[in-house]
Amino acid sequence: MSFTESNLSPGGFGPGDTEWIHLIIGEWQIIADIAQSDLVVWFPTDYVVADGSGPDSVSGPSASSGFSAIAHVRPSNVHTLFHHDIVDHTMDDNICDEARKSWHTQKIVHHVMEAGPSMRPGVKVTFVPIVRNSRTIALLSMHTIPTVVRASSQAEEIYNWVTENMLEMIHLGIWPDPLAQENNTRGNPRAIDGIIVINPQGQVVLASPNANSMYARLGLGDHLENLNLADVTRDMLPSGEEADETLQLVLAGRADIRTELTIGRTRVTMRSIPLVHSTTFRVERRGALILCRDVTELRRRELELMTKDATIREIHHRVKNNLQTVSALLRLQSRRMTTPEAKQGLEQAMRRVATIATVHEALSQGLTQSVDFDELIERQFHIAAELASPGQTVDTELLGHFGLLPSQFATPLALVINEVVANAVEHGLNGETGRVTLEGRRNINEQGDNTLTVIITDNGRGMGNDPIEESGADAYRPTAEHEGLGMQIVRTLVASELNGSIRWEANEPSGTRVIINAVLS
């Protein structure tokens, strides 16, 4: 659970201070799982800002201040100590003295709990002051329930040693590393997936059962303990294949980075966290924690999805090509027609097929079954106006925002807009110079549905003062004498595919205004 910057506002801390706590919270699940403990970040309820009156005047909690929890993480491999959310709750009074001591001395403090309102007796609490620029900005506490030894005593000691090292690095401000390699791909390793601990020479001192199982699947016939991790991994690589630089750094525990190891059909993601101790004079390497995770099945599913996506895109591409071929055949056939009616009918059919092809072209270029309708309709809108009356001067203007639309919605909408724009040019402007405007508006109705309103206007001769509105079953009426096939297509698509309504009304000061209301979800 995270916190907001307002949690630290009483201390007058800056963006860098809050960002540092965000970094810790982004990584502290690792410590919670290794230590099998709850972690909490606290801030004083009564923070006193120093007035600078003397050298001993220091900002921090008052002598009677309590502490309020501002963030909390539970271990994912054992039961939590806090079954209810404790964020915004205050610390038990019987440990506040130890918390204030840790805050002011800027030292890690260990304490064993007595009975308290929210704590069972015997719980070990470790307070770690989070220090930045020589001042404490928050307090981290680790709450461990005393249990029987979970594995061998040596393994238990190593887990405790790793935990203490990581808490010390947080206290010294040397971990998390803000410059660590960013990698947001799925499958990043976690402590519960597999743990390997190496010494400064790269020798494995502890490998969890999951880690040993991963290396067995990679082809290792022995346990990892007491082996040099870099050497044994390099020997397992296929003949002639060199380990890349990133893998070498991870296996040696030299930097906080991630990499992926592939041997045969097994794929493992790995992340190294150097364990270091910083003093005034030098930085001492103590070894490294290496997290590993078998992502073989995850990558296989990702590959299947990528293959399916590529197949779908290829289908859309081929459909687009076929529709363009049909459009070209209709164009050739229209040139052979001698009667104006037949020629016009084929040209209209050609335009409709080309509109559908444009949608499939957009779908063939994306990874989703959604279309950026603003990009698609901008080109299609101008083409529809030009093809409706070649040689006629028509200005077009696109307003508003359509956004991403699902493919099953984009195709009928593009056809409807194409027909309405063509009708506005052919019959509204009727050979005269004029303007056609297309506007899209996204909204949410009272029922919480996403809606789209499309408004098409022209400044032509108009349709009279009586508005016409049709939706639902009314749209399936027989074609009137003054209507063509295009308007029948519009009415049918709006009612059946767009689940909406269409309205024709007079536009001020002249022309016609067509309003299409559609429900997207």
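Residues numbered from 1 in each chain as written. Predicted model: local features only at pLDDT ≥ 70, side-chain atom pairs only at ≥ 80, totals over all residues. Heavy atoms only, no water.

> Would you explain the overall build of the chain in this entry?
Along the backbone of the chain there are 12 helices and 20 strands. For the chain, the proportion of its 521 residues judged to be buried stands at 47%. Restricting the contact set of the chain to residue pairs at least 6 apart, pairs at least 24 apart contribute 62%. For the chain, the accessible area works out to roughly 26,400 Å², and carbon and sulfur atoms hold 50% of it. (Helix = DSSP H or I, 4+ residues; strand = E, 2+ residues; numbered from the N terminus. Buried < 20%, exposed > 50% of the residue type's maximum accessible area, 1.4 Å probe, protein only. Contact = heavy atoms within 4.5 Å. Areas by Shrake-Rupley, 256 points an atom, 1.4 Å probe, with all protein chains shown as cover.)

> Would you mind going over the side chain of Thr 266 with me for this structure?
Tracing the chain through its elements places Thr 266 in strand S11 (residues 266–278). Only 3.4 Å separates the side chain of Thr 266 from the backbone oxygen of Arg 217, close enough to count as a polar contact. Excluding residues within four positions of it along the chain, Thr 266 makes contact with Arg 217, Leu 218, Leu 261, Asp 294 and Thr 296. (Polar contact = N/O pair within 3.5 Å; in protein donor to acceptor, adjacent residues only side chain to side chain.)

> Would you explain the nonpolar core in this entry?
Ile 30, Ile 34, Met 166 and Leu 289 are the most contacted members of the largest nonpolar core, which totals 60 residues. The greatest single-element share of this core, amounting to eight residues, is contributed by helix H4 (residues 153–172). Summarising the domain contributions, this core has at least three residues from each of domain 1 (17–172) and domain 2 (195–298). Setting aside residues no more than four positions away along its own chain, Leu 289 makes contact with Ile 30, Ile 34, Val 162, Met 166, Ile 195, Ile 196, Val 197, Arg 271, Ser 272, Ile 273 and Leu 275. Val 359, Ile 417, Val 454 and Ile 502 belong to the second largest nonpolar core, which has 38 residues in total. (Core = buried A, V, L, I, M, F, W, Y, C linked by side-chain atoms within 4.5 Å. Domains from an automatic or database assignment.)

> Help me out: how do you make sense of the environment of Pro 209 in this one?
One can find Pro 209 in helix H5 (residues 209–218). Along the sequence, Pro 209 and His 223 sit 14 residues apart, while their C-alpha atoms lie 9.4 Å from each other.

> I keep staring at the pattern of salt bridges and nothing clicks. Help me out?
Between side chains of opposite charge, a pair can form when the charged atoms approach closely. The full count for this structure, using the stated rule, is 18 salt bridges. Put simply, Arg 135 and Asp 17 hold a salt bridge, and the shortest N to O gap is 3.2 Å. Of the two residues, Arg 135 sits in strand S7 (residues 135–144) while Asp 17 sits in helix H1 (residues 15–27), which places them 118 residues apart along the sequence. Of the residues examined, Arg 135 reaches a relative accessible area of 34% and is grouped as partly exposed. By relative accessible area, which is 4% here, Asp 17 ends up buried. Measuring nitrogen to oxygen at the nearest pair gives 3.0 Å for the salt bridge that ties Arg 299 to Glu 260. (Salt bridge = Lys/Arg side-chain N within 4 Å of Asp/Glu carboxyl O.)

> When you look at the confidence of the model for the chain in this model, what are you seeing that I'm missing?
A low pLDDT means the predicted coordinates there should not be read in detail. Taken as a whole, the chain shows an average pLDDT of 84; of its residues, 88% reach a score of 70 or greater. No element of the chain has a lower mean pLDDT than strand S18 (residues 468–471), which averages 77, and none a higher one than strand S8 (residues 195–198), which averages 97. (pLDDT = per-residue confidence, 0-100.)

> Can you help me understand the environment of Asp 372 in this one?
As for its placement among the helices and strands, Asp 372 is situated in strand S13 (residues 370–372). Spatially, the C-alpha atom of Asp 372 lies 7.9 Å from that of Ala 362, the residues being 10 residues apart in sequence. The contact partners of Asp 372, leaving out residues within four places of it in the chain, are Gly 403 and Leu 404.

> Teacher, can you tell me more about the sheet that holds S11 here?
Strands belonging to one sheet form pairs held by backbone hydrogen bonds; the direction of such a pair is parallel or antiparallel. With antiparallel pairing, five strands are arranged side by side in an open sheet as S9-S8-S12-S11-S10. Because the sheet does not close on itself, it has two edges, and the strands there are strand S9 (204–207) and strand S10 (258–263). Along the sheet, successive strands turn relative to each other by an average axial angle of 25°, direction set aside. Inspection of the sheet shows S10 paired to S11 by six bridges, in the antiparallel sense. The residue bridging Thr 259 from the neighbouring strand is Met 270, located in S11. Taken strand by strand, helix H7 (residues 245–252) contacts S8, S10, S11 and strand S12 (283–294), and its axis lies near 105° from that of S10. (Pairing = 2+ DSSP bridges. Axes fitted to C-alpha atoms, helices over the stretch in contact; angles between N-to-C directions.)

> Got a minute to help me understand H5 in this structure?
In an α-helix there are 3.6 residues to a turn, and that puts residues three or four apart on one side. Among all positions of H5, only Ala 211, Asn 212, Met 214, Tyr 215 and Leu 218 are buried. Along the axis of H5, the buried positions cluster into a sector of 155°, meaning they face one direction only. (Arc of directions from axis to C-beta.)

> Would you mind going over the packing of helix H11 (residues 407–429) against helix H12 (residues 485–496) with me for this structure?
Helix packing geometry: the angle between the two helix axes and the distance between the axes. The contact between H11 and H12 brings their axes to 9 Å, and the two run at 145°. Like other packed secondary-structure pairs, H11 and H12 cross with a definite hand, here left-handed. Between H11 and H12, the residues in contact are Pro 412, Leu 415, Val 416, Glu 419, Val 420 and Asn 423 and Gly 486, Met 487, Val 490, Leu 493 and Val 494, respectively. Among the residues making up the contact of H11 with H12, the classes are represented as eight nonpolar, two polar and one charged. (Left-handed = near helix turned anticlockwise from the far one by under 90°. Nonpolar A, V, L, I, M, F, W, Y, C, P; charged D, E, K, R; others polar.)

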